[in-house]
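# Results of the structural survey
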Amino acid sequence: MRSREQLLSHLRSVSPVIAPSMLKCDFGNLHREFERLGAAGTEVVHLDVMDGHFVPNLSYGPMVIERMRQHSGAIFDAHLMISDPGRYLDEYVRVGCEAITIHLEAVPEPLGILRAIRERGLLAGLAVNPATGWAPAAPFVGEMDLFLVMSVQPGFGGQKFIPGVISTIREARLSAGAGLLISVDGGIGKSTIADCARAGCDLFVAGSSVFDEPCYSAAMAELRRLAMEARAAV
Ligand code: DX5
Ligand code: ZN
């Protein structure tokens, strides 16, 4: 297993990163999907875990991730859209996740859980819904490795990007400095990625804009190119 430091330095070296969201994959053929993602040079796989309680949809959990893990050497990032995430951390560690992202809105106090994630040697992520913004997350800046900005209401793939979250990304970057990895999730595609990159985003979760395309490799390369161009123009 890679250490937190190794994971962080690797992610920084390959940024901007396109992280395919498996919510949009063909669950009937996971083996083939991972072959295609591997061939596309996927560095991070984004795993949307939903409990039908914190969000109005149900997806998959550790049992499925454990099987996915056998098909991929990429960094597995579990985006836990579940209530009481602290209760389940060890399950996600056991099945080979290397980053765990919890929602600020799902817990009364994220500090203990963020620390518990890091103590297990994983990257600790904190996610916020579009309306939450940066301010409530700011006190945890030293306690997280990854800040995930939701750019749709969590729960479903294929929704429209909410442009108001650009200011959350910008504020987080200004306030946290270069050290924090910032990620955006929801409605990311050719027409939205550049604005997020300019605002300071490193990691771009992409569901529809990868899995609805005929060639994952071409789709991911094009998204990455647009992010790099936008960043270079700042
Ligand atoms: C939404 C999930 C996203 C979503 C992304 O709750 O967190 O990861 O699947 O899918 P697209 O890119 O289609 O919005
Ligand atoms: Zn997600």
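Quick caveat, the model's predicted, so the values are computed rather than measured. By convention here, each chain's residues receive numbers from 1 onward along its written sequence. The order in which chains are written sets their letters, starting at A; the order in which ligands are written sets their numbers, starting at 1. Since the coordinates come from a predicted model, pLDDT governs what is reported: local features require at least 70, and pairs of side-chain atoms require 80 or more to be given and counted, while whole-chain, interface and lining totals use all residues. Here the side-chain values reflect all heavy atoms present in the structure, with hydrogen atoms and water set aside.

## Considerations on the nonpolar core
Grouped burial of nonpolar side chains is what soluble globular proteins tend to show. Judged by nonpolar contacts, the single largest core of 64 residues is most densely connected at Met22, Ile65, Ile100, Phe147, Cys196, Phe204 and Val210. Here a helix means four or more residues in a row that DSSP labels H or I, a strand means two or more in a row labelled E, and each is numbered from the N terminus. Per-element accounting of this core gives the leading share, 6 residues, to helix α9 (residues 216-232). In this structure, Val210 is in contact with Ile18, Leu37, Tyr216, Ala219, Met220 and Leu223, ignoring residues within four places of it in sequence. By size, the runner-up hydrophobic cluster in this structure holds 13 residues, among which are Leu8, Val14, Val44 and Leu146. Residues enter a nonpolar core if they are buried and are Ala, Val, Leu, Ile, Met, Phe, Trp, Tyr or Cys, with the set joined through side-chain atoms within 4.5 Å. Accessible area is worked out with a 1.4 Å probe on protein chains only. A residue is then buried under 20% of its type maximum, exposed over 50%, and partly exposed in between. Note on definitions: a residue-residue contact is assigned when non-hydrogen atoms from the two residues lie within 4.5 Å.

## Some details on helix α5 (residues 111-119)
Turning to α5, its buried residues are Ile113, Leu114, Ala116 and Ile117. Summarising the axial view, the buried residues of α5 lie within an arc of 160°, below the 170-degree limit, and thus occupy one face. Downstream of α5 by a residue or two, Gly121 has a phi angle that is positive, lying close to 85°. The arc in question is the one traced by the directions running from the helix axis out to the C-beta atoms.

## Comments concerning the coordination of the zinc ion (ligand 2)
Here the term donor refers to an N, O or S atom within 2.8 Å of the metal (or 3.2 Å for Na, K and Ca), and because water is left out of the atoms, sites may appear incomplete. Around the zinc ion (ligand 2), the protein supplies His46 (NE2), Asp48 (OD), His79 (ND1) and Asp185 (OD) as donor atoms, at distances of 2.0 to 2.3 Å. Only two sets of limits are used to name each site, 85 to 135 degrees for every angle of a tetrahedral four-donor site, and over 155 degrees for opposite donors with all other angles from 65 to 115 for a square planar four-donor or octahedral six-donor site, with any other site named irregular. Around the zinc ion (ligand 2), the 6 donor atoms are arranged such that angles at the metal cover 68 to 171°; this shape is classified as octahedral. When the donors of the zinc ion (ligand 2) are listed by position in the chain, the intervening gaps give H-x1-D-x30-H-x105-D. Here Asp185 lies in strand β7 (residues 181-185) and Asp48 lies in strand β2 (residues 44-50), a separation of 137 residues in the sequence. Each of the two residues, Asp48 as well as Asp185, counts as buried.

## Re empty space enclosed by the protein
Once rolled over the atoms, a probe with the size of a water molecule shows which space is left empty. We place a 1 Å grid over just the protein atoms. Points where a 1.4 Å probe fits but has no way out form a cavity, open points with protein on both sides within 12 Å along at least 5 of 7 lines form a pocket, and any residue with an atom within 4 Å of a point lines it. Grid points are joined across faces, edges and corners, and a volume is the space filled by probe spheres set on the points. Applying the stated rule across the entire model yields 1 cavity of 30 Å³ or more. By volume, the largest cavity amounts to about 40 Å³. Lining the largest cavity we find Leu11, Val44, Ile75, Asp77, Ala99, Leu123, Leu146, Leu181 and Leu203. The residue inventory of the lining of the largest cavity, partitioned by class, reads 8 nonpolar, no polar and 1 charged. When residues are grouped by polarity, Ala, Val, Leu, Ile, Met, Phe, Trp, Tyr, Cys and Pro land in nonpolar, Asp, Glu, Lys and Arg in charged, and all others, Gly among them, in polar.

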